[in-house]
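A look at the structure
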Number of protein chains: 2
Amino acid sequence: MTLLPRSPRLTGASTTDRGLPNATVARLPLYLRALTQLRATGSATCSSDQLAEATGVSSANVRKDLSHLGSHGTRGVGYDVAHLQAEIAQAIGQTQEWNVVLVGAGHLGKALAAYPGFASRGSRIVAVVDADPKRLGEQVVDGLVIESADDLDEIVRDRAVSIAILATPTHAAQDVADRLVAAGVTSILNFAPVALRVPDGVDVRQVDVAAELQILAYHEQRKSSPREEAVSG
Amino acid sequence: MTLLPRSPRLTGASTTDRGLPNATVARLPLYLRALTQLRATGSATCSSDQLAEATGVSSANVRKDLSHLGSHGTRGVGYDVAHLQAEIAQAIGQTQEWNVVLVGAGHLGKALAAYPGFASRGSRIVAVVDADPKRLGEQVVDGLVIESADDLDEIVRDRAVSIAILATPTHAAQDVADRLVAAGVTSILNFAPVALRVPDGVDVRQVDVAAELQILAYHEQRKSSPREEAVSG
DNA sequence: TCGATTTTGTGAACGCCTTCACCAGCTCGT
DNA sequence: ACGAGCTGGTGAAGGCGTTCACAAAATCGA
Ligand SMILES: NC(=O)c1ccc[n+]([C@@H]2O[C@H](COP(=O)([O-])OP(=O)(O)OC[C@H]3O[C@@H](n4cnc5c(N)ncnc54)[C@H](O)[C@@H]3O)[C@@H](O)[C@H]2O)c1
Ligand SMILES: NC(=O)c1ccc[n+]([C@@H]2O[C@H](COP(=O)([O-])OP(=O)(O)OC[C@H]3O[C@@H](n4cnc5c(N)ncnc54)[C@H](O)[C@@H]3O)[C@@H](O)[C@H]2O)c1
């Protein structure tokens, strides 16, 4: 499989085969977001410093990232906001909309289905499926009604879905992933805290909220005990 | 500030000052999860290969990570599951429970409040606050009632909160972060798609779900066009 | 026209992290 | 008691990614 390194996690393989460096790809959405905001404020151009400010990335890093797309800035001036926005959009495939199927309409799934932030950033949830027969037909949001998990195959095929969001309970996640892959899905955003096994060519990105808190907790612990040296005996 | 590199994002500073390498810290929660499962199955010991299998990390990487905690394995046998679990728990501060305040009880906030995965992994949401006066007093889950955002100061102080989950609309995020920091919070898990500005010593981890999908979309695009070489002219 | 100023693009250096390769130490069968 | 077979620990090497530093290029005012 091709578990994309969302953290310093797994698969060192960067700079995938003639493509952009992975680290750069992960930041392009941030630049795009910043550019959209800048454009709304009426700015025609922006400097790497401004982008750095808006994204939290260092300005040197911004320039390096953008240079991978080709040289689109003007020395002494900066980048043309609209042009750069279009450039990045094309690079990360935001010129088309990506159809997404959401599996699992529980607490988290319903929140995700209601999230307008996907549509404004290139993804569209075209189906919500759940295994619970009692929930079939329930409307989760305008235009989206819960469908049967048995119809996954058909949904994926007929609606040109290539990306899935997995929000089922942990114990069902691997089975759902297998079925998604069988149906033709080649990218999965997984919220269930398990390492999915998927074949080569299928990308998985993992969001583990509890783990994020644990990482913060580690640093909190270190803040509390500034000097551990004289401990124990 | 100290934006922790959740991705290859920001601040190269790894191996923080005598501590564990950042990349290792990010994986310890995975090992802990795997060990808990292994223990439930009755396994007394496990090999680095088993942990690799369960977490998706390479076995060499597992051994390197665990070696940073000291040598706790036995050659020819593996690691003692219970012992290693305790060891990791101590390393990442899971011997105590961390009190967390959740800010913003909207779609996402309610899902997070209902999530049992925090409690089982060392964090406890001790308060849910929202700015909407109409929602005050509403019970989001057993034992948690929505409180006023005006009481943040008091809540953070009285309940020994050091970690916050930020789930407000984007436009309110920076203001909320400022108030959290002023109240004494030193770690923030931010779901709003903005780069927060916080002072030094405050850690921020960012979860940007839409960006995750955009990253997947980038790779999808590349899958569709295997050879871009003969394009355009 | 020229010089001061701004800001990009980029080679080089540096550091972190992963992987490799292999030795050391443990168990178990004989 | 010993050799075969596992399995962890760990130095070395290599790969990515970030930061540094500066030349190149554009604008602007005088
Ligand atoms: N709730 C959160 O805030 C949160 C946070 C982080 C991670 N997660 C993870 O996200 C996942 C979902 O969490 P949740 O709180 O929404 O759980 P939930 O129990 O509220 O919802 C799960 C939904 O999945 C459906 N489901 C079960 N098996 C299915 C199958 N085989 N196919 C399709 N649908 C199926 C159930 O009917 C249910 O509606 C879990 O793995 C959880 O660990 C949740
Ligand atoms: N819904 C999702 O699945 C999802 C996914 C990814 C990211 N996000 C992000 O998470 C955040 C919350 O999303 P949501 O869908 O829950 O939004 P929402 O509008 O449903 O909920 C936001 C809540 O925050 C409260 N709020 C507003 N200002 C506040 C303040 N100053 N202090 C305290 N509370 C305040 C509101 O009253 C509301 O209850 C947003 O930034 C969104 O971009 C949401």
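Below: a short report on this structure. Every value quoted in this text rests on a predicted model; they were computed, and no experiment measured them.

Quick notes on the packing of aromatic side chains
All names here are of chain A. Counted by the stated rule, this structure contains two aromatic pairs over all chains. On the numbers, 5.0 Å between centres and 90° between planes, the contact of Tyr115 with Phe118 is edge-to-face. Taking relative accessible area as the criterion, Tyr115 reaches 29% and is therefore assigned partly exposed.

What to know about the pairing of strand S8 (residues 144-148) of chain B
Residue and element names in this part refer to chain B. Note: strand S6 (residues 123-130) against S8, three bridges, orientation parallel. Its bridge partner lying in S8, Val128 is registered against Ile146. Here strand S7 (residues 139-141) pairs with S8 via two bridges, running antiparallel. From the neighbouring strand, Gln139 faces S8, where its bridge partner is Val145. Connecting the antiparallel pair S7 and S8 is a turn made up of two residues, with Gly143 showing a positive phi of about 90°.

Section: the site of ligand 2
Taken together, 24 residues lie around ligand 2, and Gly106(B), His107(B), Leu108(B), Asp130(B) and Thr168(B) are the ones closest in. One chain alone does not account for the residues near ligand 2; they come from chains A and B. His107(B) is positioned with one of its side-chain polar atoms (N or O) 2.9 Å from an oxygen atom of ligand 2. At a separation of 3.5 Å, an oxygen atom of ligand 2 approaches a polar backbone atom of Thr170(B). Within the complex, 84% of the 820 Å² of free accessible area of ligand 2 lies under protein. At the level of secondary structure, the elements contributing two or more residues to the shell around ligand 2 comprise helix H5 (107-113) of chain A together with helix H5 (107-113) and helix H7 (170-183) of chain B. The leading source of residues in the shell around ligand 2 is H7(B), at four residues.

A look at the relation of the copies chain B and chain A
Two chain copies, one operation linking them: a rotation about an axis together with a shift along it. Turning chain B through 180° and shifting it by 0.0 Å along the axis lays it on chain A, with an RMSD of 0.0 Å. In the structure described here, the two chain copies are related by an operation that fits a two-fold rotation axis. Most of the interface of chain B is mirrored in chain A, where 99% of its interface residues again form contacts.

A closer look at the sheet that holds strand S3 (residues 73-74) of chain A
All names here are of chain A. Ordered by their spatial adjacency, three strands build an open sheet running S2-S4-S3, and the pairing between neighbours is antiparallel. The open sheet is flanked by strand S2 (45-46) and S3, the only strands paired with a single partner. With two bridges connecting them, S3 and strand S4 (residues 78-80) associate as antiparallel partners. Bridge pairing in S4 links Thr74 to Gly78.

Examining the packing of helix H1 (residues 22-40) of chain B against helix H4 (residues 81-91) of chain B
All names here are of chain B. The contact between H1 and H4 brings their axes to 9 Å, and the two run at 150°. Put simply, H1 runs roughly antiparallel to H4. Note that H1 runs across H4; the crossing there is left-handed. In this structure, H1 contributes Leu28, Tyr31, Leu32, Leu35, Thr36, Leu38 and Arg39 to the contact, and H4 contributes Val81, Ala82, Leu84, Gln85, Ile88 and Ala89. Class assignment of the residues belonging to the contact of H1 with H4 gives a composition of 10 nonpolar, two polar and one charged.

Brief notes about the site of ligand 1
Contacts to ligand 1 come from 24 residues, most closely from Gly106(A), His107(A), Leu108(A), Asp130(A) and Thr168(A). Chains contributing residues near ligand 1 are chains A and B. Measuring from an oxygen atom of ligand 1, one finds a side-chain N or O atom of His107(A) at 2.9 Å. At 3.4 Å from an oxygen atom of ligand 1 is found a main-chain nitrogen or oxygen belonging to Leu112(B). Burial of ligand 1 by the surrounding chains reaches 84%, relative to a free accessible area of 820 Å². Of all the secondary structure elements, the ones that give two or more residues to the shell around ligand 1 are H5 and helix H7 (170-183) of chain A together with H5 of chain B. Counting residues per element, the shell around ligand 1 draws most heavily on H7(A), at four residues. In the shell around ligand 1, the residues fall into 15 nonpolar, five polar and four charged.

Overview of H4(B)
Within the span of H4(B), buried status applies to Val81(B), Leu84(B), Gln85(B), Ile88(B), Ala89(B) and Ala91(B). Projected down its long axis, H4(B) carries its buried residues within an arc of 160°, all on one side. Each element contacted by the buried residues of H4(B) is listed here: helix H8 (209-224) of chain A together with H1, strand S2 (45-46), helix H2 (48-55), helix H3 (59-67) and strand S4 (78-80) of chain B. By the N-cap criterion, in which a side-chain oxygen at the helix start approaches the backbone nitrogen of a residue two or three places on, H4(B) is capped by Asp80(B), the distance to Ala82(B) being 3.2 Å. Just beyond H4(B), the residue with positive phi is Gly93(B), at close to 80°.

Here's the deal with the environment of Ser58(B)
Residues and elements named next belong to chain B. In this structure, Ser58 sits in the loop between H2 and H3. Take Ser58: its relative accessible area is 39%, and that puts it in the partly exposed class. Along the backbone, Ser58 and Ser48 are 10 residues apart, and their C-alpha atoms lie at a distance of 8.6 Å.

Thresholds applied
Residues numbered from 1 in each chain as written. Chains lettered and ligands numbered in written order. Predicted model: local features only at pLDDT ≥ 70, side-chain atom pairs only at ≥ 80, totals over all residues. Heavy atoms only, no water. Phe/Tyr/Trp six-rings, centres within 6.5 Å; stacked < 30°, edge-to-face > 60°. Buried < 20%, exposed > 50% of the residue type's maximum accessible area, 1.4 Å probe, protein only. Pairing = 2+ DSSP bridges. Helix = DSSP H or I, 4+ residues; strand = E, 2+ residues; numbered from the N terminus. Near = heavy atom within 4 Å. Polar contact = N/O pair within 3.5 Å; in protein donor to acceptor, adjacent residues only side chain to side chain. Areas by Shrake-Rupley, 256 points an atom, 1.4 Å probe, with all protein chains shown as cover. Least-squares fit on C-alpha atoms with pLDDT ≥ 70 in both. Contact = heavy atoms within 4.5 Å. Axes fitted to C-alpha atoms, helices over the stretch in contact; angles between N-to-C directions. Parallel < 35°, antiparallel > 145°, perpendicular 65-115°, else oblique. Left-handed = near helix turned anticlockwise from the far one by under 90°. Nonpolar A, V, L, I, M, F, W, Y, C, P; charged D, E, K, R; others polar. Arc of directions from axis to C-beta.

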